[in-house]
Structures are given as C-alpha cells and as structure tokens.
Amino acid sequence: MNYTRFITAASAARKPSAIRVMTEILGKSSKSVLSLATGAPNPNTFPFKTAVITTDNKETIQFDEEMMKRALQYSQSAGLPELLSWLKQLQVKLHNPPTIHYPPSQGQMDMCVTCGSQEGLCKVFEMIVNPGDNILVNEPIYSGTIHALQPLGCNMINVSSDEHGIIPDSLREVLSRWKPEDSKNPEKNTPKFLYTVPNGNNPAGNSLTTNRKMEIYELARKYDFLIIEDDPYYFMQFNKPWAPTFLSMDVDGRVIRADSFSKVLSSGLRIGFITGPKPLIERIVLHTEVSTMHTSTFTQLLVSQLLHQWGEEGFLAHVDRIIDFYRKQRDALLAAADKWLSGLAEWQVPTAGMFLWVKIKGLHDVRKLIEEKAFKKEIFMLPGYNFYLDSSAPCPYFRASFSLASPEQMDMAFQGLAQLIKESL
C-alpha cells in the first residue's frame, strides 16, 4: 500500500512533539531517573487524593494515593500502555486482523485510544481529506459524520443501500466512472475512502451481510481506496453469529476501524479506540500530541482497571447483558409501532444499535409534523432530513430511539404520533 497518497499535506507535515516524546520515555523509565525535563505539575499539589468506584456487581476499583497521582497526571498520547495492550488482545480475539504480524511500513495493525470514536474519526478525516477529494458514503448517514466532513470541502458521493446495507452493484456503478489504474494518477481524483457504519447503521438500523462486505472489500482493492469502518454498535448486535468485520478481511492494511465504549461502558467517559495500519495511526497520534494531548488518564485507568478485573470473558458477558437489555427495548418500540403505526408507516426491524427508522406513508415531508406538531405535544423524535447530504430536500422518514424511554412512554409517544399523522393526511 502506498499510504502517502492518502495523507494530506497538513498531516504529512506533522512532526513528533519533543515534550510528548519525553512523556513517553518517562512513562517507561525507572524511578531512579533524575528528570528535570517535562513541565508536568507536581501531583502533591492536586486536591484529589483517593477514590473508590463501585461496579454493578458490587466489586470496587480503588485509586490509592499513588494511583491517583498517576490518574491525574499527563500520559502517553497513544493511550495508556496497559489499556492498549488489553485492547490489542481483544481486537485479535474478535477480528484476528491479517495485518497483525506485517512489517510496520506495510500496514501492520496498530491502535490508539481517543476521546470517544468521534474524536478519532475527525482526526482520520482531517488526515485524509483535501478540498475537492471524492469520498464514498451511504445515505442515510450519521449526522455527526456529515457535519465533520462538509467543512473539509470534499465531494461526498452516495452509494445506494437497502435493508442489508450498501448494495455492491451500486458501488460498482459509482466506481465505473474510473478505471482501476486511475488511482495511480492524482489528477483522476479517484475516491479516497468509503465511510460506513456496518452494524446498526445510525439512523437506519441495518447491517451489512458477510457476502456484501467481501464484495465491497474486493472493490476497495481493485480501485485502491480505504475503508473507514465506524462500528459503535458492534457490541449491540441482536443476532448471532456476528458477521465478520472489514478489519478481519483486511489483507492489505486499507481498513481504519473506529470502536467505542460509549454504548457499553459509559458515553461520558469519552473512550474510543482506532485500529488501522501503523503509518496512518502514527499520523493520528501526532495530531493528538498537539490537540487533546491524550484521552483523560483518569478515565483510561478506570476503564483499564475494570477490563483487567473482568478479563475478556467478563467483558463479553457484560456485552451480552447489554444486548439483552436493548433487544427488549427494541421489541417494546416495535410493539408500539405495530399497535399504533400499522397502515400509517413502514419500517425495518433494526439488527443492531438503538434506533428505529420509520417512513410515514402519504407524507412527502415530515419536517413540520415532527419538528412542530409533535414537539408541541411534547413528543420528541428526529426528522430524517438530518441524515441526508441535501438536508433541504423533502424527507418522509424520522428516527426514534429506544434506548431511554420506558415501554409505556414508547406506547404513549406512538399513540400521540399516530393521531397527528391522521390529522396531517
């Protein structure tokens, strides 16, 4: 893989920060080192001394004074070594990436911890995208991604999808305007990457099948583009066995994968992790060195302690409990939809995630219905236009979340919405 063609001039110009490099060295050094090097504040001056956190199984995570000093101090930009080590083992267990033993320059699998996967993805986009670049997406798209990409001035080309995700023939058709060898000629402006949420796509709730992923990966090889696999709902898939990931198929080192603990451990702790080829992960870390510097040491230590306490089996048992909870929530929202919206709307059963994507029949555009009429009745949902590149176009869809509401609240919301739909038709 020639990674230089994917890296912007700004990203290529990034150099290691001497101070951050020293922080890395000190993290591995013995206590006998006489360091006058870094500008780290003296932890004896911090007002926080100890902490005890109780988990749902009544176990405790203890931060004594020494641990607390470390938790409140600067740390390595790529992430805490013990957390990264645990996460790498998890990725190998779940995905067994073919690149794990490749030479670094040839796309060896590497990882970094980020302040949630969203921060990691923003850094990925800023590393790759120049104004005027072509990139591939599939509508409806997570609105956060639209807002992250639009200011970068790229051309987002939509690839059609259905209830099983991206349609490979549609991707083939989009790519047919180029020849495979055009990727070697910068003037041809071939697509740099395909961005997709493969499981429980937000907002549509659909997931890519194994065969489609394999077809898409082969097209990525043929036309030499990267795949950005944004998978925050990987640990919220309702049906087993789970389809293999793009990372598990990645023989070339062309997949950048974003994972998140937001849905399974905590959304407020802001911990995500990016996995991909070492030459690209290194660029992301260089950006981190001069922006956030590192994800909160405290939250990394807290999560690391928990994961080491649980082990992989304990973590995956927790994931199973999460899936059971959200499956019941999904089924409750589907029951409310069947009861009140049958004949008025249509929807697919979500395969993962926390959203139901609903199309109202007979209404060209639901903006007024959802944003004004339902809002006045204190029934809140998101109108679908937020998830399209052209947000001004009429849209008959809305997104309903089943993560927080009780079954009774879901029932009342859809009952009220059904009445409003009837009045609007």
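First, a word on what this report is: a plain description of the structure on this page. (Residues numbered from 1 in each chain as written. Predicted model: local features only at pLDDT ≥ 70, side-chain atom pairs only at ≥ 80, totals over all residues. Heavy atoms only, no water.)

## Observations regarding the overall build of the protein
Which entries qualify depends on this criterion: What counts as a helix is a DSSP run of H or I of at least four residues, what counts as a strand is a run of E of at least two, and both are numbered from the N terminus. C-alpha atoms define the radius of gyration, and 2.2 Å times the number of residues to the power 0.38 defines the globule rule. The cut-offs for exposure are 20% and 50% of the maximum accessible area for each residue type, with area from a 1.4 Å probe on protein chains only; residues under the lower value are buried, those over the upper are exposed, and the others partly exposed. Residue contacts are counted whenever heavy atoms from the two residues lie within 4.5 Å of one another. Throughout, the Shrake-Rupley method with a 1.4 Å probe supplies accessible areas, and for residues the shown protein chains are the sole cover considered. We treat Lys and Arg as the positive residues and Asp and Glu as the negative residues; His and chain ends play no part in the count. Here the site of a charge means atom NZ of a Lys, CZ of an Arg, CG of an Asp or CD of a Glu.
Helices and strands together make up the secondary structure of the protein, namely 13 helices and 15 strands. Relative to the 2.2 N^0.38 estimate, which gives 22 Å for 425 residues, the radius of gyration of the protein is 23 Å and therefore close to what a compact globule would have. Projected onto the principal axes, the alpha-carbon positions of the protein cover approximately 75 × 60 × 35 Å. Across the 425 residues of the protein, 52% fall into the buried class. Taking all contacts inside the protein whose residues are at least 6 apart in sequence as the whole, residues at least 24 apart take part in 73%. Of the accessible surface of the protein, which amounts to about 19400 Å², a share of 53% is contributed by carbon and sulfur atoms. Charged side chains in the protein number 44 positive and 45 negative. The centres of these two groups are separated by 2 Å.

## Points about the state of the cysteines
Selection criterion: Disulfides are defined in this document as cysteine sulfur pairs within 2.5 Å.
Applying the stated rule across the entire model yields zero disulfides. Here C154 stays free of any disulfide, with the sulfur of C122 as its closest cysteine sulfur at 12 Å.

## Topic: empty space enclosed by the protein
Selection criterion: Note on definitions: the grid is 1 Å and covers protein atoms alone; a cavity is a set of points where a 1.4 Å probe fits but cannot get out; a pocket is an open set with protein on both sides within 12 Å along at least five of seven lines; lining residues have an atom within 4 Å of a point. Grid points are joined across faces, edges and corners, and a volume is the space filled by probe spheres set on the points. In the scheme used here, Gly and all other residues not listed as nonpolar or charged are polar, with Ala, Val, Leu, Ile, Met, Phe, Trp, Tyr, Cys and Pro taken as nonpolar and Asp, Glu, Lys and Arg as charged.
What the rule picks out here adds up to one cavity of 30 Å³ or more. Here the largest cavity is characterised by a volume of approximately 30 Å³. The wall of the largest cavity is formed by N138, P140, I141, Y142, Y195, T196, V197 and N201. Among the residues forming the lining of the largest cavity, the class breakdown is five nonpolar, three polar and no charged.

## Looking at the pattern of salt bridges
Worth spelling out the cut-off: Here a salt bridge means any side-chain nitrogen of Lys or Arg lying within 4 Å of a carboxyl oxygen belonging to Asp or Glu.
As enumerated under the stated definition, the model contains 22 salt bridges in all. Here E229 and R257 are joined by a salt bridge, their closest N and O atoms 3.3 Å apart. Of this pair, E229 sits in strand β9 (residues 226-230) while R257 sits in strand β10 (residues 255-260), and the two are 28 residues apart along the sequence. R257 matches E229 in its accessibility class, with the two residues each being buried. Its salt-bridge partner being R367, residue D365 comes within 3.7 Å of it at the nearest N-O pair. For D365, a relative accessible area of 28% gives the class partly exposed. Judged by relative accessible area, R367 falls into the partly exposed class, the value being 24%. Here the salt bridges share partners, and the residues they tie into one network are R5, R221, D224, D252 and R254.

## Concerning helix α4 (residues 81-95)
Let me state the cut-off plainly: What a helix should span is 1.5 Å times the count of its residues minus one. Each direction from the helix axis to a C-beta atom contributes to the arc, which is the arc of those directions.
Taking 1.5 Å per residue as the helical rise, α4 with its 15 residues ought to reach 21 Å, and the 21 Å between its terminal C-alpha atoms agrees with that figure. If you check which residues of α4 are buried, you get L83, L84, W86, L87, L90, Q91 and H95. One face of α4 carries all of its buried residues, which in axial projection span an arc of 160°. On its buried face, α4 is in contact with β3 (109-114), α9 (246-249), β10, β11 (272-277) and α11 (297-340).

## Here we look at the layout of surface pockets
Its volume calculated, the largest pocket comes out at about 1100 Å³. Along the walls of the largest pocket sit 32 residues, with L26, G27, A40, Q73 and Y74 positioned nearest its centre. Breaking the lining of the largest pocket down by element, the ones donating at least two residues are α2 (18-28) and α3 (65-71). Per element, the largest residue contribution to the lining of the largest pocket is six residues, and it comes from α2.

## Remarks on the sheet that holds strand β14 (residues 382-383)
Counted only if it meets this: A pair of strands is treated as paired once DSSP finds two or more bridges between them.
If you trace the four strands from one edge of the open sheet to the other, you get β12-β13-β15-β14, paired in antiparallel fashion. Edge strands, defined here as strands with exactly one partner in the open sheet, are β12 (345-347) and β14. With five bridges connecting them, strand β13 (residues 355-360) and strand β15 (residues 397-401) associate as antiparallel partners. Bridge assignment links F355 to a residue of β15, and that residue is S401.

## Brief notes about the packing of helix α7 (residues 168-175) against helix α8 (residues 210-223)
Defined as follows: Angles shown run from 0 to 180 degrees and are taken between the N-to-C directions of axes, each axis being a line fitted to C-alpha atoms and, for helices, limited to the stretch in contact. Angular relationships are summarised with four words: roughly parallel below 35 degrees, roughly antiparallel beyond 145, roughly perpendicular across 65 to 115, and oblique for the angles in between. Helix crossings fall into two classes, left-handed where the near helix is turned counterclockwise from the far one by less than a right angle and right-handed where it is turned clockwise.
Between α7 and α8, whose axes approach to 10 Å, the crossing angle comes to 15°. When the interaxial angle is binned, α7 and α8 end up roughly parallel. Crossing of α7 against α8: the hand is right-handed. Seen from α7, the contacting residues are P168, L171, R172 and L175; seen from α8, they are R212, E215, I216, L219 and Y223. Considering only residue class, the contact of α7 with α8 consists of six nonpolar, no polar and three charged.

## Things to note about the packing of helix α12 (residues 367-376) against helix α13 (residues 407-424)
Helix-helix packing is characterised by the crossing angle of the two axes and by the distance between the axes. Interaxial distance between α12 and α13 falls to 11 Å at its minimum, and their mutual angle equals 115°. For the pair α12 and α13, the crossing hand works out as right-handed. For the pair formed by α12 and α13, the contact residues are L369, I370, K373 and A374 on the first element and L417, L420, I421 and S424 on the second. Of the residues in the contact of α12 with α13, the class split is six nonpolar, one polar and one charged.

## Brief notes about the environment of I322
Of note, I322 is situated in helix α11. Distance in space between the C-alpha atoms of I322 and Q237 is 9.8 Å, their sequence separation being 85 residues. Here I322 is in contact with M236, K263 and V264, once residues within four sequence places are set aside.

Limitation: the analysis is restricted to geometry and does not speak to function.
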